[in-house]
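Listed here are the chains, written in short residue letters.
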Amino acid sequence: MYYNVNMRIYLDHCAFNRPFDEQKSINIQLETSAKLYIQNQIKLGKFDLVWSYMSDLENYNNPNIESKKSIQLWEFIAKYKCKSSDNVLVLGSKLKQKGIRTKDSLHVACAVESKCDYFITTDKGLLNKDVELIKILNPIDFIREMEESNED
């Protein structure tokens, strides 16, 4: 499967934590498989991962030590890191006015500021928000979209 090699993607904390969630439902299991597949593609250089100061903050506050350690390794795999800036804070504030929670709005702002093509999350509330600046998908839909674009 061929992907746009320089495609930048941002995984939020919900996506990173999906494999550590209780795997009760088939949807969670599918999202976990899709997220692990995406991670593998990042390691293979198919996508460029963006990490942010918000990723650091959320992971620092992660009470699950196992997932915290595992997730933190992705900071070193990421090709880009977004630091806090006036642009991120202003955009985050605008996104918050759309009804997006503060942390989520800052994650999205980091992705936009870093020129990401996709924002990947398992947060249903965020997936239902209308954000014109970046495409927000869950891991399953992201893979589906990548496969469909490769069929063209």
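It should be noted that the structure appears before, not after, this text.
The paragraphs below set out a description of the structure included in this document. (Residues numbered from 1 in each chain as written. Predicted model: local features only at pLDDT ≥ 70, side-chain atom pairs only at ≥ 80, totals over all residues. Heavy atoms only, no water.)

It is worth spelling out the pairing of strand 1 (residues 8-11) at this point. The side chains of a regular strand alternate, residue by residue, between the two faces of the sheet. Across three bridges, strand 1 lies against strand 2 (residues 48-52) in parallel orientation. When the bridges of strand 2 are listed, I9 appears paired with L49. The pairing of strand 1 with strand 4 (residues 118-120) spans three bridges and is parallel. Across the sheet, residue I9 finds its bridge partner in strand 4, namely Y118. (Pairing = 2+ DSSP bridges. Helix = DSSP H or I, 4+ residues; strand = E, 2+ residues; numbered from the N terminus.)

Ranked by size, the top nonpolar core spans 21 residues in total, and within it I9, L11, I38, I42, Y118 and F142 carry the most contacts. For this core, the secondary structure elements donating two or more residues are strand 1, helix 1 (13-17), helix 2 (26-43), strand 2, strand 4 and helix 9 (139-151). Excluding residues within four positions of it along the chain, F142 makes contact with M7, I9, I38, F47, Y118, I120 and L137. Counting 19 residues, the second largest nonpolar core, distinct from the first, contains M54, L91, A111 and I134. (Core = buried A, V, L, I, M, F, W, Y, C linked by side-chain atoms within 4.5 Å. Buried < 20%, exposed > 50% of the residue type's maximum accessible area, 1.4 Å probe, protein only. Contact = heavy atoms within 4.5 Å.)

As a further point, take the side chain of S67. Among the structural elements, S67 can be located in helix 4 (residues 65-72). The exposure class assigned to S67 is buried, which follows from its relative accessible area of 1%. One polar contact links S67 to N62, side chain to side chain, over a distance of 3.0 Å. For S67, the residues in contact, after removing those within four places along its chain, are N17, F20, N59 and N62. (Polar contact = N/O pair within 3.5 Å; in protein donor to acceptor, adjacent residues only side chain to side chain.)

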